[in-house]
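Each chain, letter by letter, is given below.
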Amino acid sequence: MRNRSKGIYIALALLGLAGFGGYSIYTSTAFEREAPIVEVADEIYWNLKEPIRVSLRDNTGIKSYKITIFNGSKEKIIDMQKLEQPKRELNLSIAVPVDMEFPKGRAELLIEVQDKSYWNYFLGNKSLKRSKIYIDTKKPDLYVVNNSYAITKGGSALVIFHCRDENLKDFYIRTNFGIRFRAAPFYKDGYYVALVAWPITQSKFKATIVALDKAGNRAKAHIPFYLKNRRYRTSKIELKDSFLDGKVAELAEDYPETRSMDRIERFKFVNEKLRMMNEQLIHTIAQKVPQERVTQFKIKAFYPLKNGAKVADFGDHRYYYYRGRLVSEAYHMGLDLASTKMADIIASNPGKVVFSDYNGIYGNMPMISHGLGLYTLYAHCSSVFVRKGDSVSRGKRIAKTGRTGLVLGDHLHFGVVVQGVEVRPEEWMDRRWIKLNIEDIIEDAKKLIDSK
Ligand SMILES: [Zn+2]
């Protein structure tokens, strides 16, 4: 009896060991069961110039891989490796096979990878990835159809172009100052229209349309604007204590970090930091270009304030002095107009209200989108009669002038923004300029397109 029970104990112990061993094998990294990861697109657009990039990863290490291309009739091994030292990550470039043609413009890519795991009877985990290849060696068909003859420093201009590609990925207008302007569909398929702007802070202007397809083919078209330089005024402003302790202190109140500042530091905060934040908000809102197809762009000359006299210029480079010392500077990015106190502000063109709230140094400020990335804003209002989301029609009273924000007296700060860039309002207040630079360009482009 005693021997028998001993035997059972031994048998149980052995079973336990075997079980533990099996479990160890099951969980140890040598026997891990995760298949290698193959990173490559399911659909590859290939221009047969740049290599296709593939990345292989595995948590224990890649032992071997094989890459095959099938052109519809013939199969070719592009790359095959057995690694002496398994690697956790491999970045491969698949070059264009020299003696392979793609008469159908299509191919298939097959990637097989094995890791060094002992799992699967020591064969390892295997991954197999199939991708479709579309051969595309043609660059987008891109050319300028029509454009405003000139662009003035601080001003706006229009361009209409053709852009077409089977696998079009993106297109935009690249400038020498880092801003990309976007276009909206125009008139007929394959045509686009965009407003562009020359920021007042830039001494040079250059604009090129760039189009890319999914295969990496790229086309460029320079927009041949005649460049008109323009001088903007600079002015010297002597800061008064009454202003620094009044309006400036009032605006700084919302920012606890200004409490320990002296009046000049506080002014610099309001004039530089707060101004930058308020302008950034405007730029962000005004960046959008509605994507509805444009067939016409009928803009009337803006006339926001009846009998409004100009009290400050757009683009004025202001230098601020305190007791004879230069303390700060800023560009004035709108046109200041004044008539009577709390005068009616009129929307001269229909549009959609995209902002209607308090915006720091701009005070109460409604902002309207007129389409094509053209926006107008009305700052320092005493009261506003429109809300965000409202549609406004031509002639609607939208607000009353006032002195909210960083101002001395009651006036309207009228701003025009093209895709996030403040431009000279005078152009958009000039019926002749609008006809020559916007309307005629659109109408002539339609004729050119129809004649094709
Ligand atoms: Zn102003």
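Above this note sits the structure.
Caption draft 1: Seen up close, the overall build of the protein chain. In terms of regular secondary structure, the protein chain is built from 5 helices and 30 strands. Whereas a compact globule of 452 residues would reach a radius of gyration of roughly 22 Å, the protein chain reaches 33 Å, over 25% beyond that. Seen through its principal axes, the protein chain has C-alpha atoms that stretch 115 × 70 × 40 Å. Relative to all contacts within the protein chain whose residues are 6 or more apart in sequence, the contacts with residues 24 or more apart total 69%.

Caption draft 2: Region of the structure containing the sheet that holds strand S20 (residues 325-331). Within the open sheet, the 3 strands sit side by side as S17-S19-S20. Their pairing is mixed. Of all strands in the sheet, those bounded by a partner on one side alone are strand S17 (234-238) and S20. The sheet shows a mean angle of 25° between the axes of neighbouring strands, direction not considered. Pairing geometry for S17 and strand S19 (residues 317-322), over 5 bridges, is parallel. In the strand pairing of S19, Thr234 is matched with His317. Taken strand by strand, helix H3 (residues 263-285) contacts S19 and S20, and its axis lies near 15° from that of S20.

Caption draft 3: Highlighting the pairing of strand S3 (residues 52-70). Alignment of strand S1 (residues 37-39) against S3, held across 3 bridges, turns out to be antiparallel. In the sheet register, Glu39 faces S3, and the bridge partner there is Ser55. Across 14 bridges, the pairing between S3 and strand S4 (residues 75-94) is antiparallel. Among the inter-strand pairings, Arg57 is bridged to a residue of S4, identified as Glu89. Between S3 and S4, which pair antiparallel one after the other, the connecting turn spans 4 residues, and Gly72 there sits at a positive phi close to 110°. Two strands pair when backbone bridges link them, and S3 and strand S5 (residues 106-115) are joined in this way by 8 bridges, in the antiparallel orientation. From the neighbouring strand, Ile62 faces S5, where its bridge partner is Asp115.

Reading the values: the criteria
- What you see as residue numbers is a count from 1 along each chain, following the sequence as written.
- With the structure being a predicted model, the display of local features is reserved for residues of pLDDT at least 70 and the display and counting of side-chain atom pairs for 80 or more, all residues being used for whole-chain, interface and lining totals.
- What counts as a helix is a DSSP run of H or I of at least four residues, what counts as a strand is a run of E of at least two, and both are numbered from the N terminus.
- Radius of gyration here uses only the C-alpha atoms, and the compact-globule reference equals 2.2 Å multiplied by the residue count raised to the power 0.38.
- Residue pairs qualify as contacts under a 7 Å threshold applied to their C-beta atoms, which are placed from the backbone.
- Should DSSP find at least two bridges between two strands, the strands are taken to pair.
- Angular values range over 0 to 180 degrees, each being the angle between N-to-C directions of two axes fitted as lines to C-alpha atoms, with helices fitted over their stretch in contact.

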